[in-house]
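# Fold and geometry: a report
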Amino acid sequence: DWATFRLGFSKGFDLMNMAGTALEPSMGLGFDYGGFTLDMNVSQNVFNDPVKYFWGRNEGTQLNTSFSIGYNW
């Protein structure tokens, strides 16, 4: 009950202008340890070459795009 993995897709469409956005994958990780919580979105670059991130050869690319840290007491 302390770790969460999210996987999803997003796509937008504007009916008035008949325009849309491409289907984009999204992924996130969440950790909850007592009162401490960490939630982060993982970048799409991980989908392009996950082996590179597994071995730590990701120089010049980001693993996460945003994160939030919280503590509840």
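Structure: above.
So, here is what we can say about the structure in this document.

Cut-offs applied
- Residues numbered from 1 in each chain as written.
- Predicted model: local features only at pLDDT ≥ 70, side-chain atom pairs only at ≥ 80, totals over all residues.
- Heavy atoms only, no water.
- Helix = DSSP H or I, 4+ residues; strand = E, 2+ residues; numbered from the N terminus.
- Buried < 20%, exposed > 50% of the residue type's maximum accessible area, 1.4 Å probe, protein only.
- Contact = heavy atoms within 4.5 Å.
- Areas by Shrake-Rupley, 256 points an atom, 1.4 Å probe, with all protein chains shown as cover.
- Patch = residues over 30% accessible without salt bridge, like charges linked within 9 Å, V, L, I, M, F, W, Y side chains within 5 Å.
- Salt bridge = Lys/Arg side-chain N within 4 Å of Asp/Glu carboxyl O.
- Phe/Tyr/Trp six-rings, centres within 6.5 Å; stacked < 30°, edge-to-face > 60°.

## Some words on the overall build of the protein chain
Each helix and strand in the protein chain was counted, giving 2 helices and 6 strands. Secondary structure of the protein chain in N-to-C order comes out as β-β-β-β-β-α-α-β. Expressed as a percentage of the 73 residues in the protein chain, the buried residues total 14%. Expressed as a percentage of contacts within the protein chain between residues at least 6 apart in sequence, the contacts between residues at least 24 apart total 35%. If you sum the accessible surface of the protein chain, you get close to 6100 Å²; carbon and sulfur atoms cover 59% of it.

## A closer look at the environment of Trp73
Among the secondary structure elements, Trp73 is positioned in the segment after strand 6 (64–71). Of the residues examined, Trp73 reaches a relative accessible area of 88% and is grouped as exposed. A sequence separation of 37 residues divides Trp73 from Phe36, and the C-alpha atoms of the two residues are 9.0 Å apart.

## Overview of a nonpolar patch on the surface
A cluster of nonpolar side chains, Tyr33, Phe36, Phe67, Ile69, Tyr71 and Trp73, forms an exposed patch at the surface whose accessible area comes to about 910 Å². Per element, the largest residue contribution to the nonpolar patch is 3 residues, and it comes from strand 6. Accessibility expressed as a relative area gives 56% for Ile69, which makes it exposed.

## Comments concerning the packing of aromatic side chains
How two aromatic rings sit relative to each other is given by the distance of their centres and the angle of their planes. Applying the stated criterion across every chain yields a total of 1 aromatic pair. Ring centres of Trp2 and Phe31 lie 6.3 Å apart, and the angle between their planes is 25°; on these two criteria the pair is classed as stacked. Taken together, the positions of Trp2 in the segment before strand 1 (3–10) and Phe31 in strand 4 (residues 24–33) put the pair 29 residues apart, joining distant regions of the chain.

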